[in-house]
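Structural characterization, general
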Number of protein chains: 2
Amino acid sequence: MKTHTLLMPLDMHLHLRDGLMLDTVAPLSAYTYSGAIVMPNLVPPVETLEDVKAYKQRIMAAVPNDFFEPYMTLFYKNYDKAFLKSVADHIIAIKLYPAGITTNSEGGVASFNIGEMRETLQTMSDLGIPLCVHGETDGFVMDREAEFMSIYELLATSFPKLKIIMEHITTKAAVEMLDKHENLYATITAHHLILTLDDVVGGMMKPHLFCKPIAKRPEDLDALLTVALEAHPKVMFGSDSAPHPKEKKESCGCAAGVFTAPISLQLLCEIFEQYDKLHNLQAFVSDNAQNIYGICAEFKEVTLEKRPFVVPETYGFVVPMYAGEIIAWAIESVD
Amino acid sequence: MKTHTLLMPLDMHLHLRDGLMLDTVAPLSAYTYSGAIVMPNLVPPVETLEDVKAYKQRIMAAVPNDFFEPYMTLFYKNYDKAFLKSVADHIIAIKLYPAGITTNSEGGVASFNIGEMRETLQTMSDLGIPLCVHGETDGFVMDREAEFMSIYELLATSFPKLKIIMEHITTKAAVEMLDKHENLYATITAHHLILTLDDVVGGMMKPHLFCKPIAKRPEDLDALLTVALEAHPKVMFGSDSAPHPKEKKESCGCAAGVFTAPISLQLLCEIFEQYDKLHNLQAFVSDNAQNIYGICAEFKEVTLEKRPFVVPETYGFVVPMYAGEIIAWAIESVD
């Protein structure tokens, strides 16, 4: 049977939440990933050194028997130099949310005033702390990411040494930015390499495929596939796996987020094999990230096998993408 | 208190369904409308004279005490001349669905072969039977209606005396067709004068605002508002009120359709007043339709009052648009 082995897979954009949800989902990521960048949009957000340390402890307690490194982030606010110096060794990046743009982002940035942000961003640049950005305006849902490109340009040119990660990109417009500014990078999810808006609302309405940024047009999907499949060196895998309780996804006014953590490596194998690019998956899912962030991931060897895998209906109280459906690859072993 | 009176309101595109659903929703339309064009997409579809007569009887039985004319339609197939002559006096139009494009449309037209359709469409033209069309391709969800414009052009130029109604239009592209071909007309819903895709999936995912065709972009909304508010003489109100049981709307894989029948006149007053165009609502909601179809509607005088109206959470087992929310106009009296 066909197999494919990945070394040190990394999920460079992950929501682990807290409490019972953390205990439910963290072991699933820890099983197959060497490490993951953990998003700070808790309630309240992670914004002090104590928050970072305590959240990291809770994560480690949720995955006691696995080798798994949670790379911690702070929720972006304007922080002073002294604070940033004190926290630099404990975080891998700072995550910026425009205010109110997605789940638990109410305390985010309301306006991009470079003057007000300068101390924080220049200090981050000096200390080598990357800035991860949820790049959407509050405009029309299909235009939000493309409209944000001018803000990426402003940030990239104002702080040319600051590494800026365009998180979970979904558009051709964002792909085109990668080669325009040396200090712009991107993460791409598994589901945005599969879905367009058609899958979300083209037939029936599918709450478990509803996320922010929403899946876009066919030409956007093509652009994302192009850079992911070639493992463009500025592009990394970040699942943006975003669990919500089943009842929150399946009620009127369903919350945004696709839960892919336990099936993302399988999906990636399926996608990359379909385009005959399995040989580039290692770079997309680990090597690029290690180069970009300058990290050395914990050893883990994951072997996947090409055989039908029926995705469970739920993991605990969370419904995954493709629940009950069959995908073409399964986890064979983890060492 | 401000009031506004409408004479003989007509809903030129309505789904009444059958059985218990028919009994639930038909009285709601019959209360405020003089008549409505009733869609034929039952299971199985309405496609014989007996079907038409029997369905009309069931509708009349569901609204025993109201003056209400159900204008009957046939489900488009290729029919022969003799059949069309026999049924002409019993229907107001024939409704064409591309196969599989929306609820119960599986038996629709699979390919637009004018040769094969000629006998039917030419006979309809000769007999003065309008063709109502659900104009969507099976393309990307945001492009389906715009892509259908070439088929409208083909139909309009091949049968220049056939009245063709572009049903529930949602795009600037369709609005622009109105003045290009003399024999093209359109219906517009109330919800497509309010919603864009933003309302459906821009914040939370809203199943009760999910319909086909899906609400489009802001510039499309603007184009629809322009022709509706001026009561362009080729444009008519058609609610496309499309009830589904609550559990079918609020489950994973929610069915398409917005239920507006009992609140549509109130919504229209709110919209037209907001743009200071209440004086054009009579034409949009009745006069244009009577001119286009050459019908003389049953007398009905509906007076609306500008006062807060709390939309019920449900009508029977159906959830209306804006359930539990407040709209600015209410029905004051019906004579």
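Quick summary incoming for the structure in this document.

Definitions and cut-offs
Residues numbered from 1 in each chain as written. Chains lettered and ligands numbered in written order. Predicted model: local features only at pLDDT ≥ 70, side-chain atom pairs only at ≥ 80, totals over all residues. Helix = DSSP H or I, 4+ residues; strand = E, 2+ residues; numbered from the N terminus. Rg over C-alpha atoms; globule rule 2.2 N^0.38 Å. Contact = placed C-beta atoms within 7 Å. Pairing = 2+ DSSP bridges. Axes fitted to C-alpha atoms, helices over the stretch in contact; angles between N-to-C directions. Buried ≥ 20, exposed ≤ 12 C-beta atoms within 10 Å, placed from the backbone. Right-handed = clockwise from strand over helix to strand, strands pointing away. Nonpolar A, V, L, I, M, F, W, Y, C, P; charged D, E, K, R; others polar. Least-squares fit on C-alpha atoms with pLDDT ≥ 70 in both. Core = buried A, V, L, I, M, F, W, Y, C linked by C-beta atoms within 7 Å.

Things to note about the overall build of chain A
Secondary structure assignment for chain A yields twelve helices and 13 strands. A compact globule built from 335 residues would reach a C-alpha radius of gyration of about 20 Å, and chain A, at 19 Å, matches this within 12%. Its C-alpha atoms give chain A principal-axis dimensions of about 55 × 40 × 40 Å. Here the contacts in chain A between residues at least 6 apart in sequence split such that 70% fall between residues at least 24 apart.

Some thoughts on the sheet that holds strand β10 (residues 301–305) of chain A
Residue and element names in this part refer to chain A. Ordered in space as β1-β10-β13, the three strands form an open sheet in which the pairing is antiparallel. At either end of the open sheet lies a strand with only one pairing partner, and these are β1 (3–7) and β13 (330–334). In this sheet, adjacent strand axes meet at a mean angle of 30° when their direction is disregarded. Packed on one face of the sheet, helix α11 (residues 264–274) meets β1, β10 and β13 and runs near 60° to β10.

Section: the pairing of strand β5 (residues 93–96) of chain A
Where a strand is regular, its side chains alternate between the two sheet faces. Residues and elements named next belong to chain A. Alternating residues of β5 divide into Ala93 and Lys95 and Ile94 and Leu96, and every residue in both groups is buried. Pairing analysis gives three bridges linking strand β4 (residues 69–75) to β5, with the strands arranged parallel. For Thr73, the partnering residue across the bridge sits in β5 and is Ala93. With helix α3 (residues 81–87) bridging β4 and its parallel neighbour β5, the resulting β-α-β unit is right-handed. In this fold, β5 hands off to helix α4 (residues 114–127), which returns the chain to strand β6 (residues 131–133); that crossover is right-handed.

With respect to the pairing of β10(A)
Residue and element names in this part refer to chain A. The two faces of β10 differ: Val302 and Leu304 on one face are buried, but Glu301, Thr303 and Glu305 on the other face are not. Two elements, β10 and β13, share four bridges in a ladder whose sense is antiparallel. Bridge pairing in β13 places Val302 opposite Val334.

Points about α11(A)
For α11(A), the buried fraction is high: nine of the eleven residues fall into the buried class. The first or second residue beyond α11(A) is A:Asp276, which carries a positive phi of 60°.

Brief notes about the interface of chain B and chain A
Contacts between the two partners involve 24 residues from chain B and, on the opposite side, 24 residues from chain A. With five residues, the single largest contributor to the side of chain B that touches chain A is helix α8 (residues 197–202) of chain B. Broken down by class, the residue content of the side of chain B that touches chain A amounts to 15 nonpolar, five polar and four charged.

Topic: the sheet that holds strand β10 (residues 301–305) of chain B
Residue and element names in this part refer to chain B. Taken together, the three strands give an open sheet; going across it, the order is β1-β10-β13, and neighbouring strands pair in antiparallel fashion. The strands lining the two open edges of the sheet, one partner per strand, are β1 (3–7) and β13 (330–334). The mean inter-strand angle of the sheet, taken between neighbouring strand axes irrespective of direction, is 30°. Across five bridges, β1 lies against β10 in antiparallel orientation. What sits directly across from Thr3, in β10, is Glu305. Each of β1, β10 and β13 touches helix α11 (residues 264–274); the most contacted strand, β10, lies at about 60° to it.

Notes on the relation of the copies chain B and chain A
For the pair chain B and chain A, the relating rotation is 180°, the translation along its axis is 0.0 Å, and the fit reaches an RMSD of 0.0 Å. This pairing of chains is accounted for by a two-fold axis. The fraction of interface residues of chain B whose copies in chain A are also interface residues reaches 100%, indicating that both copies meet through the same surface.

Some remarks on unusual backbone geometry
Following A:Lys212, the chain continues into A:Pro213 via a peptide bond in cis, with omega recorded as -5°. Examined against the element boundaries, A:Pro213 turns out to sit in the loop between α8 (197–202) and α9 (218–229). Cis rather than trans, the peptide bond between B:Val43 and B:Pro44 has omega equal to -5°. Its place among the elements puts B:Pro44 in the loop between β3 (35–38) and α2 (49–62). Of note in this structure, A:Asp276 is not a glycine but carries a positive phi near 60°. Of note, A:Tyr322 is a non-glycine position whose phi angle comes to about 65°, a positive value. The exposure class of A:Tyr322 is buried, given the 21 C-beta atoms found within 10 Å.

Digging into the environment of A:Val63
Residue and element names in this part refer to chain A. With respect to the helices and strands, Val63 occurs in the loop between α2 (49–62) and β4. Owing to 19 C-beta atoms within 10 Å, Val63 belongs among the partly exposed residues under this scheme. The spatial distance from the C-alpha of Val63 to the C-alpha of Pro27 is 5.2 Å, given a sequence separation of 36 residues.

Digging into the environment of A:Leu20
Residue and element names in this part refer to chain A. You can see Leu20 is positioned in helix α1 (residues 19–32). Exposure remark for Leu20: the 11 C-beta atoms within 10 Å place this residue in the exposed category. Separated by 32 residues in the primary sequence, Leu20 and Val52 have C-alpha atoms spaced 18 Å apart.

Quick word on the nonpolar core
With 216 residues, the main nonpolar core has B:Ile164 and B:Met166 as its most contacted residues. In contact with B:Met166, other than residues within four places in its own chain, are B:Val133, B:Gly135, B:Tyr152, B:Ala174, B:Met177, B:Leu184, B:Tyr185 and B:Ala186.

Function cannot be read off these values alone, since they describe shape.
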